[in-house]
Amino acid sequence: MESEDDKEKAWGISLPYALYHFSTSGGAVAVATAFTHPLDVVKVRLQMQLLGQRGPLLGMGEVFGRIMKVEGARGLYLGLAPALARSALYGGLRLGLYEPSKSLCNLMFGSTNIFVKIASGAFSGALATALTNPMEVLKVRLQMNSGRGPTGEMHKIVSEEGFRALWKGVGPAMTRASALTASQLATYDESKQALLRWTHLEEGFHLHLISSSVAGTVGTLVTAPVDMIKTRLMLQQDSRDVRSYRNVFHCAYQVVLTEGAGALYKGWRNRAHALFSCTGEWSMSLLSVK
């Protein structure tokens, strides 16, 4: 019969451990967000180019230069406050729930194979996204330079579009988070094990850094189209206009129909910030909690 110590070991969690994992993960993601936020602003502006139209797109450098010229350096940090708040909570939940979810699967099914890792990552990412979606909506609205602060923008959204508007785009956001977290965390675990098995690397910073870089690259490639659709839906005002997007599939269909399939990857080069973000957050948090 299992002792209490064995049960706690099987679950891989205790209250101090959970709080430590949550705080280190959330803090690391918030720090990474602070450094990469200007790239996120540029990415959102790139994704909103030529809505419903085909034509030449501005590149990352051109959009960056235009922001600096018209709005100044401050324009690169629009939406930073909700971004940091979201990152601390989202990062803590997304990474903090992964290990307990994996341990629970091990306790129930006696396995932590690649499929268990993918399922655990998808669950933790989707749940974290659902809880933090209002802050994400607020962030992308501010990044388009509404001219209002976080409080004013929040009041405008709720008063003009209703409370439900804070969960606009939650479907693709949860899909994106599930795919991102599952692909990143599962790839991270698998690549780390492969590096330990096939190279001379040992447990430590360099191993985490390389594994995180591989995972970030995979996550970026997998989720770029869903991220673009999420941004479009979050920035859409309530309207009876025939061009408004009715749901995720209608948005994807209209984007491909009117802008071409390549439009689904608008801003994908700028999504390199996801690579550096996850590298930073995991190198700081996973090194301390693994």
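Cut-off values and rules
- Residues numbered from 1 in each chain as written.
- Predicted model: local features only at pLDDT ≥ 70, side-chain atom pairs only at ≥ 80, totals over all residues.
- Heavy atoms only, no water.
- Helix = DSSP H or I, 4+ residues; strand = E, 2+ residues; numbered from the N terminus.
- Buried < 20%, exposed > 50% of the residue type's maximum accessible area, 1.4 Å probe, protein only.
- Contact = heavy atoms within 4.5 Å.
- Areas by Shrake-Rupley, 256 points an atom, 1.4 Å probe, with all protein chains shown as cover.
- Core = buried A, V, L, I, M, F, W, Y, C linked by side-chain atoms within 4.5 Å.
- Expected span 1.5 Å × (residues − 1).
- Phe/Tyr/Trp six-rings, centres within 6.5 Å; stacked < 30°, edge-to-face > 60°.
- Lys NZ or Arg CZ within 6 Å of the ring centre and 35° of its normal.
- Polar contact = N/O pair within 3.5 Å; in protein donor to acceptor, adjacent residues only side chain to side chain.
- Salt bridge = Lys/Arg side-chain N within 4 Å of Asp/Glu carboxyl O.

S.K.: Tell me about the overall build of the chain, residues and numbers included.
M.R.: Helix and strand content of the chain: eleven helices and zero strands. Ordered by position from the N terminus, the helices and strands of the chain form the series α-α-α-α-α-α-α-α-α-α-α. Buried positions account for 49% of the 290 residues belonging to the chain. At a minimum sequence separation of 6, the contacts of the chain that also span at least 24 residues come to 77%. On the chain, roughly 14,200 Å² of surface is accessible, and the fraction owed to carbon and sulfur atoms is 65%.

S.K.: So what about the nonpolar core? Which residues, and what values?
M.R.: Within the largest apolar cluster, ten residues are counted, these being Val44, Met48, Val137, Val140, Ile157, Ala165, Leu166, Ala173, Met234 and Leu235. Put simply, the parts of the chain that give this core at least two residues each are helix H6 (114-143) and helix H9 (205-235). Excluding residues within four positions of it along the chain, Met48 makes contact with Met144, Thr231, Arg232 and Leu235. Formed by eight residues, the second largest nonpolar core is a distinct cluster that contains Ile229, Leu233, Tyr245 and Ala263.

S.K.: Explain helix H5 (residues 98-109) to me, and be specific about the residues and the numbers.
M.R.: Structurally, the α-helix is built with 3.6 residues per turn, so residues lying three or four positions apart point the same way. Along its twelve residues, H5 runs 16 Å from first to last C-alpha, staying within 8% of the 16 Å computed at 1.5 Å per residue. Those residues of H5 lying buried are Tyr98, Glu99, Pro100, Ser101, Lys102, Ser103 and Cys105. One or two steps after H5, the chain reaches Gly110, where phi turns positive at roughly 70 degrees.

S.K.: Please set out the packing of aromatic side chains residue by residue, giving values where relevant.
M.R.: For the structure shown, the criterion picks out one aromatic pair. Aromatic pair Phe163 and Trp167: ring centres 5.6 Å apart, planes at 50 degrees, arrangement tilted. Taking relative accessible area as the criterion, Phe163 reaches 54% and is therefore assigned exposed. Taking the relative accessible area as the measure of exposure, Trp167 reaches 32% and is therefore partly exposed. Note that Arg86 overlies the ring of Tyr90, its terminal NZ or CZ placed 4.2 Å from the centroid.

S.K.: Any details on the environment of Lys43? Residues and values, ideally.
M.R.: Among the structural elements, Lys43 can be located in helix H2 (residues 15-47). A C-alpha to C-alpha distance of 7.9 Å links Lys43 and Met60, two positions 17 residues apart in sequence. Side-chain polar atoms of Lys43 contact the side chain of Asp40, separated by 3.2 Å.

S.K.: I'd like to hear about the pattern of salt bridges, residue by residue, with values.
M.R.: Pairing of side chains with opposite charge becomes possible as their charged atoms draw close. Under the criterion given, the structure shown has 15 salt bridges. Between Lys139 and Asp40 there is a salt bridge, and its shortest N-O distance comes to 2.9 Å. Note that Lys139 is positioned in helix H6 and Asp40 in helix H2, a separation of 99 residues in sequence. The same class applies to Lys139 as to Asp40, namely buried. With a closest N to O distance of 3.2 Å, Lys156 and Glu160 form a salt bridge. A residue pair is termed a helical-turn pair when its members lie 3 or 4 positions apart in one helix, as Lys156 and Glu160 do in helix H7 (residues 150-161) at four residues. A relative accessible area of 17% places Lys156 in the buried class.

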